[in-house]
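# Chains, contacts and geometry: an overview
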Amino acid sequence: MARRELPEINAGSMADIAFLLLIFFLVTTTMDTDGGLTRKLPPIPEENLEDLPEVKQRNVFEILVNANDQLLVEGKLMMVTELREVAKEFIESNPARDDLPEFKATDLPFFGPAYPVSKQIISLQNDRGTSYEMYIKVQNELVAAYNDLREDLARQKFGTDYNELEEEKRNAVRKVYPQRISEAEPKEIGN
Amino acid sequence: MSKFKKKEGNRQPGISTASLPDIVFMLLFFFMVTTVMREVDLLVEVTTPNATEITKLENKALVSYIYIGKPMGSLKKTLGEEPRIQLNDAFATKNDIIQWVEMEKNRRNEAEITRITWSMKVDSDTKMGIVTDVKQELRKANALKINYSSREVDKITN
């Protein structure tokens, strides 16, 4: 039986098909870099919570944002871009000054048995009319202040970036500068 | 004449395009792998604010999204400009949130429930009032790990 040679399939249009698919995926792709500021909400407090711990005025960093997106930090009007430095100074604190937070000797791994950790608390209150953009800016600056301080400490103590530290060391650094941002229920102050 | 002929004989061969499909396929696979198809149809306009201290959301399966913003262009006529909450594919009010949180929790394994991140995609023009209401509802529903979705920039301005 004479075997007929099958003609080879022309693959010339393969590129076209592939291109078509490629363009489809190019168009539908959204390089989703999904990220944002991660926060932990406080749980709803138990009823009749009476023995609220007293917090001294000097340990609280008070931030108010009004409906016109103006920022009041410790009684002073301020721009958002200035907030980071002021917050850093407060969080880090200084034993020589009595307007900055007190220290509490804490037992920390890597840092020693009585390492002074500042008792800082940041209190943030905004109006219901504050824009979300402003709110995020303030949150961002506060997180940045903590991150900067942790970074500095990691460099000083371990000589590497905070993000490259081992888990235990990172936890220790985090305990020196714990994020304590307390958000009060917003008020309707109006304009 | 002889000059002409010589030139013709020396002509460089055309570049082979035989490997073109391979290159295209390579690109194709790259995009196929990285593509994330949008799961929900957005009913609200969301332009997330800028921030510098971004943490990436790693496990997409453990993220539930809440959208808040003005209704989309064509819906504006009937719904107005007031910011609205969108959960999954439909508009919702803040009273629906607790139930929705329960539904989202039921979709996951028991062990994963505490690891769910509740990503809030909120338009930057929105006022904090509605956002606070949503946060309050999330607290009531014990959905505490939240993420304010934002775009990464190098520096924020006033």
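Report follows, based on the coordinates. (Residues numbered from 1 in each chain as written. Chains lettered and ligands numbered in written order. Predicted model: local features only at pLDDT ≥ 70, side-chain atom pairs only at ≥ 80, totals over all residues. Heavy atoms only, no water.)

The buried fraction of strand E7 (residues 145-149) of chain B amounts to four of the five residues, a majority that puts the element mostly inside the structure. Each parallel crossover has a hand, and the one from strand E6 (residues 117-122) of chain B via helix H5 (residues 128-140) of chain B to E7 of chain B is right-handed. (Buried < 20%, exposed > 50% of the residue type's maximum accessible area, 1.4 Å probe, protein only. Helix = DSSP H or I, 4+ residues; strand = E, 2+ residues; numbered from the N terminus. Right-handed = clockwise from strand over helix to strand, strands pointing away.)

Residue-level contacts link 50 residues of chain A with 54 residues of chain B. Interface of chain A and chain B: buried area, both sides summed, is about 4,700 Å²; carbon and sulfur atoms make up 62% of it. Connecting chain A to chain B are two salt bridges. Put simply, glutamate 183 of chain A and lysine 135 of chain B hold a salt bridge, and the shortest N to O gap is 2.9 Å. Run the count over chain A and chain B and you get 21 residue pairs in polar contact (both at pLDDT 80 or more). Mapped onto the side of chain A that touches chain B, the elements with two or more residues apiece are helix H1 (14-28), strand E1 (35-40), helix H2 (80-92) and helix H3 (132-158) of chain A. (Contact = heavy atoms within 4.5 Å. Buried area = accessible area lost by both parts, 1.4 Å probe. Salt bridge = Lys/Arg side-chain N within 4 Å of Asp/Glu carboxyl O. Polar contact = N/O pair within 3.5 Å; in protein donor to acceptor, adjacent residues only side chain to side chain.)

Here the focus is the sheet that holds E7 of chain B. Taking strand neighbours across the sheet as the criterion, the seven strands line up as E2(B)-E1(A)-E7(B)-E6(B)-E3(B)-E4(B)-E5(B) in an open arrangement whose pairing is mixed. The open sheet has two edge strands, strand E2 (55-56) and strand E5 (90-92) of chain B, and neither has a second partner. Here strand E3 (residues 63-69) of chain B runs beside strand E4 (residues 84-87) of chain B; their pairing, made up of four bridges, is antiparallel. Its bridge partner lying in E4 of chain B, tyrosine 67 of chain B is registered against glutamine 86 of chain B. Relative to the sheet, H3 of chain A contacts E1 of chain A together with E6 and E7 of chain B, its axis offset from that of E1 of chain A by approximately 75°. (Pairing = 2+ DSSP bridges. Axes fitted to C-alpha atoms, helices over the stretch in contact; angles between N-to-C directions.)

Let us look at the sheet that holds strand E4 (residues 76-78) of chain A. Residues and elements named next belong to chain A. Pairing is mixed across the open sheet formed by five strands, whose spatial order is E4-E3-E2-E7-E8. Sheet topology places E4 and strand E8 (181-183) at the edges, where each strand pairs with a single neighbour. Adjacent strand axes in the sheet meet at a mean angle of 25° when their direction is disregarded. Pairing of strand E7 (residues 121-126) with E8, which is carried by three bridges, proceeds in the parallel orientation. Pairing of leucine 124 across the sheet is with glutamate 183, part of E8. Relative to the sheet, H2 contacts strand E2 (60-65), strand E3 (71-73), E4 and E7, its axis offset from that of E2 by approximately 165°.

Attention now moves to the packing of aromatic side chains. According to the stated counting rule, one finds twelve aromatic pairs over all chains in the structure shown. Judged by centre distance (5.6 Å) and plane angle (70°), the ring pair of tryptophan 100 of chain B and tryptophan 118 of chain B falls under edge-to-face. Placement of the pair is tryptophan 100 of chain B in helix H4 (residues 97-107) and tryptophan 118 of chain B in strand E6, with a sequence separation of 18 residues. Among the residues examined, tryptophan 118 of chain B registers a relative accessible area of 2% and is labelled buried. Within the aromatic cluster, the residues linked to one another by ring pairs are Phe110, Phe111, Tyr115 and Phe158 of chain A. (Phe/Tyr/Trp six-rings, centres within 6.5 Å; stacked < 30°, edge-to-face > 60°.)

Quick look at the layout of surface pockets now. A probe as big as a water molecule, rolled over the atoms, marks out the empty space that is left. Counted as a void, the largest pocket has a volume near 1,000 Å³. Lining the largest pocket are 28 residues, and of these Gly36 and Thr38 of chain A together with Ile54, Thr55 and Lys56 of chain B sit closest to its centre. Taken together, the elements giving at least two residues each to the lining of the largest pocket come down to E1, H3 and helix H4 (167-176) of chain A together with E2 of chain B. Here the residues of the lining of the largest pocket sort into eight nonpolar, eight polar and twelve charged. (1 Å grid on protein atoms, 1.4 Å probe; cavity = no way out; pocket = protein on both sides within 12 Å on 5 of 7 lines; lining within 4 Å. Points joined across faces, edges and corners; volume = space filled by probe spheres on them. Nonpolar A, V, L, I, M, F, W, Y, C, P; charged D, E, K, R; others polar.)

Taken together, the side chains of Phe19, Ile23, Leu26 and Val27 of chain A together with Leu20, Ile23 and Leu27 of chain B present a nonpolar region at the surface, about 610 Å² in accessible area. Elements with a contribution of two residues or more to the nonpolar patch: H1 of chain A together with helix H2 (20-34) of chain B. Ranked by residues supplied to the nonpolar patch, first place goes to H1 of chain A with four residues. Of note, valine 27 of chain A is situated in helix H1. Overall, valine 27 of chain A belongs to the exposed group, its relative accessible area being 66%. (Patch = residues over 30% accessible without salt bridge, like charges linked within 9 Å, V, L, I, M, F, W, Y side chains within 5 Å. Areas by Shrake-Rupley, 256 points an atom, 1.4 Å probe, with all protein chains shown as cover.)

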